[in-house]
Amino acid sequence: MQFKIHVIDVKNQLQNYIWLIEDSQSHDVVAIDPTEASLVEDYCLEHQLNLKQIWLTHWHKDHIGGVPELIADHNIPVYGPRAELSHIPFITYPLQHDDQFEFHGLNIDIISVPGHTLGHVVYFIDALDSVFCGDTLFAMGCGRMFEGTAEQFYHSLNRLAALPPRTKVYCTHEYTLSNAQFALHIEPANRAIQQRAEEIKQLREHGKITLPSTIELELETNPFLRVESAEEFARIRALKDHF
Ligand SMILES: [Zn+2]
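Conventions we followed
Residues numbered from 1 in each chain as written. Predicted model: local features only at pLDDT ≥ 70, side-chain atom pairs only at ≥ 80, totals over all residues. Heavy atoms only, no water. Pairing = 2+ DSSP bridges. Helix = DSSP H or I, 4+ residues; strand = E, 2+ residues; numbered from the N terminus. Axes fitted to C-alpha atoms, helices over the stretch in contact; angles between N-to-C directions. Contact = heavy atoms within 4.5 Å. Donors = N, O, S within 2.8 Å, 3.2 Å for Na, K, Ca; no water. Tetrahedral: all angles 85-135°; square planar, octahedral: opposite > 155°, others 65-115°. Buried < 20%, exposed > 50% of the residue type's maximum accessible area, 1.4 Å probe, protein only. Parallel < 35°, antiparallel > 145°, perpendicular 65-115°, else oblique. Left-handed = near helix turned anticlockwise from the far one by under 90°. Nonpolar A, V, L, I, M, F, W, Y, C, P; charged D, E, K, R; others polar.

In a beta sheet, neighbouring strands pair by backbone hydrogen bonds and run either parallel or antiparallel. The strand order β1-β2-β3-β4-β5-β6 describes an open sheet built from six strands, whose pairing is mixed. The open sheet has two free edges, formed respectively by β1 (3-9) and β6 (93-95), since each of these has just one partner strand. With direction set aside, neighbouring strand axes in the sheet form an average angle of 25°. With seven bridges connecting them, β1 and strand β2 (residues 17-23) associate as antiparallel partners. Each residue of the ladder has a partner; that of F3, found in β2, is D23. This element, helix α1 (residues 37-47), spans β1, β2, β3 (28-32) and β4 (50-55) of the sheet and lies at about 130° to β1.

Right under this line is the structure:
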């Protein structure tokens, strides 16, 4: 396999993860949503990786916080949502829905997913069966609806649900345990949810990461992908906000 995916556990209160994609021949890497520059710098130094690109999913501070320092130290391009340029002025490659670009022969497809923020984009890589989806889809949950409407968010999640079932889901936060509890509350009799909730509990008790997930697993166990209308989505999103 030419490409390898690394994770940095930020160990902050928001439980962010920074994902890195490495081209194992050149050891060149992409950093996705770098919360803190020093964590990325230290990790690259330790593993002898060369930071070559930064990809951003949306403008929230815990996703872009490390960028100014990283681009001051490395002369590298920053990819991110065109619709959020006013929030993220240091984007050098503004992206919108259906855009494509390349990293060492890897094709990346941009999917626009408004809801958590209005400009939120995700990075789908067919060749790696992977989607880097920021705060839109979480394992057994989804991001808070800060800027978009329920209609938009529902449509965005449908776009992700339509990806190949084998697609690995790399989201940004370790919220799976509390999401599992909410999923059980919504669908107490769902065996797949019961089983996964137990697995998640075990993983977290041992301090292990619960990601990546897959689209297939999310279709079976994520209540936000299992709703059948924007109204139903709005109802459970509101319930989750006060859970
Ligand atoms: Zn966010």
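Glancing now at the coordination of the zinc ion. Surrounding the zinc ion are the protein donor atoms H58 (NE2), H60 (ND1), H116 (NE2) and D135 (OD), which sit 2.2 Å from the metal. One way to put it: the four donor atoms around the zinc ion meet at angles of 89 to 170°, and that makes the site irregular. Mapped onto the polypeptide sequence, the residues donating to the zinc ion form the spacing pattern H-x1-H-x55-H-x18-D. You'll find H58 and H60 in the same group, each marked buried.

A cis amide bond links L211 to the next residue, P212, at an omega of -5°. By the secondary structure assignment, P212 is in the loop between α6 (191-205) and β14 (213-214). Not every positive phi belongs to a glycine, and M140 is a case in point at roughly 65°. Here M140 shows up in the loop between β11 (137-138) and β12 (141-142).

At a minimum axis separation of 11 Å, helix α5 (residues 176-186) and helix α9 (residues 230-241) run at an interaxial angle of 125°. Of the possible angle classes, the one that applies to α5 and α9 is oblique. Remark: the crossing between α5 and α9 carries right-handed chirality. On the side of α5, the interface is formed by S178, N179, F182 and I186, while α9 contributes I236, L239 and K240. Residues that form the contact of α5 with α9 fall into these classes: four nonpolar, two polar and one charged.

Purely geometric numbers; function is a separate question.
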